[in-house]
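# Chain and residue survey
The chain contents come next:
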Amino acid sequence: MNRVGALIYDRFLIGASQQAGLAEQRRGALAAASGEVLEIGAGTGLNLAAYPREGITRLVCSEPNAAMRRQLEARSGEAPLAVEVVTASAERLPFEDASFDCVTGTLVLCEVTSPAAALAEIARVLRPGGHYLFLEHVRSADDDQARVQDRWAPIWRRVSGGCNCNRDTLATINASVLTLDEAEIGRFPKAPKIVKPLLIGSASRRFA
Ligand SMILES: C[S@@+](CC[C@H](N)C(=O)[O-])C[C@H]1O[C@@H](n2cnc3c(N)ncnc32)[C@H](O)[C@@H]1O
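A brief look at the structure comes next. Treat the numbers as computed from the prediction; the structure is a model and nothing was measured.

This part covers the overall build of the chain. Counting secondary structure elements, the chain contains 6 helices and 7 strands. Mapped in sequence order, the helices and strands of the chain form the string α-α-β-β-α-β-β-α-β-α-α-β-β. In terms of C-alpha radius of gyration, the chain reaches 16 Å, essentially the compact-globule figure of 17 Å for 208 residues. Judged by the C-alpha coordinates and their principal axes, the chain covers about 40 × 40 × 30 Å. Looking at the chain residue by residue over its 208 residues, the buried ones come to 42%. Restricting to contacts in the chain with at least 6 residues of sequence separation, those with at least 24 account for 69%.

Here we take up the site of the ligand. Neighbouring residues of the ligand: 19 residues in total, closest Gly41, Gly43, Asn65, Ala90 and Thr106. Its residues assigned to classes, the shell around the ligand shows 10 nonpolar, 6 polar and 3 charged.

Before going further, it helps to examine the pairing of strand β1 (residues 35–39). Note: β1 against strand β2 (residues 56–62), 5 bridges, orientation parallel. Note on β2: the bridge partner recorded for Leu38 is Val60. Note: β1 against strand β4 (residues 100–106), 3 bridges, orientation parallel. The residue of β4 that forms the bridge with Val37 is Cys102.

One recurring pattern in soluble globular proteins is that nonpolar side chains are buried together. The biggest cluster of nonpolar side chains holds 52 residues, and the ones touching the most others in it are Val103, Ile122 and Tyr132. Apart from the residues lying within four places of it in its own chain, the contact partners of Val103 are Leu38, Ile40, Ile122, Val125, Leu126 and Tyr132.

With that settled, the discussion passes to the sheet that holds strand β5 (residues 126–137). Reading across the sheet, the 7 strands line up as β3-β2-β1-β4-β5-β7-β6 and stay open at both edges, with mixed pairing between neighbours. Strands with a single pairing partner mark the edges of an open sheet, and in this sheet they are β3 (83–86) and β6 (179–187). The sheet shows a mean angle of 15° between the axes of neighbouring strands, direction not considered. Pairing of β6 with strand β7 (residues 197–204) involves 8 bridges; the strand directions are antiparallel. Across the sheet, Glu184 pairs through a bridge with Ile200, a residue of β7. Across the face of the sheet, helix α2 (residues 15–30) comes into contact with β4, β5, β6 and β7 while running at roughly 160° to β5.

Once that is clear, we can look at the pairing of β2. Two faces, one strand: in a regular strand the side chains alternate between the faces of the sheet. Two strands pair when backbone bridges link them, and β2 and β3 are joined in this way by 4 bridges, in the parallel orientation. Residue pairing across strands places Leu59 opposite Val83, the latter belonging to β3. Between the parallel pair β2 and β3, the chain is carried across by helix α3 (residues 66–74), and the sense of this crossover is right-handed.

Turning next to the environment of Phe95. Tracing the chain through its elements places Phe95 in the loop between β3 and β4. Residue Phe95 is classed as partly exposed on the basis of its 16 C-beta neighbours within 10 Å. Distance from Phe95 to Leu38, taken between C-alpha atoms, is 10.0 Å for residues 57 residues apart in sequence.

Moving on: helix α5 (residues 143–160). Helix geometry: α5 is bent most strongly at Ala153, by close to 50°, with proline Pro154 lying one to four residues after it. Phi turns positive one or two residues past the end of α5, at Gly161, with a value near 80°.

This part is about unusual backbone geometry. For Ala98, which is not a glycine, the phi torsion comes out positive at approximately 50°. Mapped onto the fold, Ala98 is located in the loop between β3 and β4. The backbone of Leu107 sits at a positive phi, close to 55°, despite the residue not being glycine. Mapped onto the elements of the fold, Leu107 is located in the loop between β4 and α4 (115–125). With 22 C-beta atoms packed within 10 Å, Leu107 lands in the buried category.

Analysis parameters
- Residues numbered from 1 in each chain as written.
- Predicted model: local features only at pLDDT ≥ 70, side-chain atom pairs only at ≥ 80, totals over all residues.
- Helix = DSSP H or I, 4+ residues; strand = E, 2+ residues; numbered from the N terminus.
- Rg over C-alpha atoms; globule rule 2.2 N^0.38 Å.
- Buried ≥ 20, exposed ≤ 12 C-beta atoms within 10 Å, placed from the backbone.
- Contact = placed C-beta atoms within 7 Å.
- Near = placed C-beta within 6 Å.
- Nonpolar A, V, L, I, M, F, W, Y, C, P; charged D, E, K, R; others polar.
- Pairing = 2+ DSSP bridges.
- Core = buried A, V, L, I, M, F, W, Y, C linked by C-beta atoms within 7 Å.
- Axes fitted to C-alpha atoms, helices over the stretch in contact; angles between N-to-C directions.
- Right-handed = clockwise from strand over helix to strand, strands pointing away.
- Bend = angle between axes of the 7 residues up to and from the residue.

Have a look at this one:
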């Protein structure tokens with residue numbers, strides 16, 4: 001996300017989607033968050049109001065982009081408890097192994113440099129039995145639509161400031177050390193067709 005994108009994100013890039021159902025989808029995706037929770041790529045903090053009001057004992061939000069992080073800090077009062085804001089990329093999380101019960105991420109794996117490295121880090125910081133909750137826009141399961149996504153991907157990456165519309169995130173999760181528990185395909189409301197398919201679900205770190 002570039003600086004201009006960060007400044008217009010809430011109002012112009014995601015605002016209509018939020019109102020048309022994305023806010024509700026966030027609540028659903030995060031409903032099982034509990035214990036010590038880490039959010040990766042927390043952006044402007046649109047998930048803060050979507051976390052369950054009970055059951056979370058610690059909430060750490062990591063975000064590498066300074067312009068996004070400032071908005072996240074300004075919004076911290078919407079969270080169910082005090083938020084710790086940390087500067088970090090998902091591929092290099094500044095936490096000890098097995099330090100969280102839950103890791104969350106929404107609309108992030110489309111933008112990280114390496115989704116596989118981010119998932120390895122998520123698995124590393126999760127405690128055995130801990131959960132990764134995700135909501136990501138992904139590559140379409142329809143071959144024709146996926147080809148359209150491939151064709152538009154370079155242009156979309158430029159106009160969106162780094163978003164990849166054609167990543168097969170489900171395959172990347174399945175290839176990671178995490179175990180997929182639940183996944184459903186939804187639709188990103190009020191979004192262009194190439195970013196419509198939403199993958200919503202959870203994966204867990206197995207007990208050793
Ligand atoms: C489309 S925004 C989504 C923000 C927020 N998660 C949401 O759901 O509204 C993508 C976010 O990923 C962040 N991001 C980009 N590269 C990242 C990386 N390598 N690690 C973690 N976050 C990253 C961006 O700074 C931005 O905040």
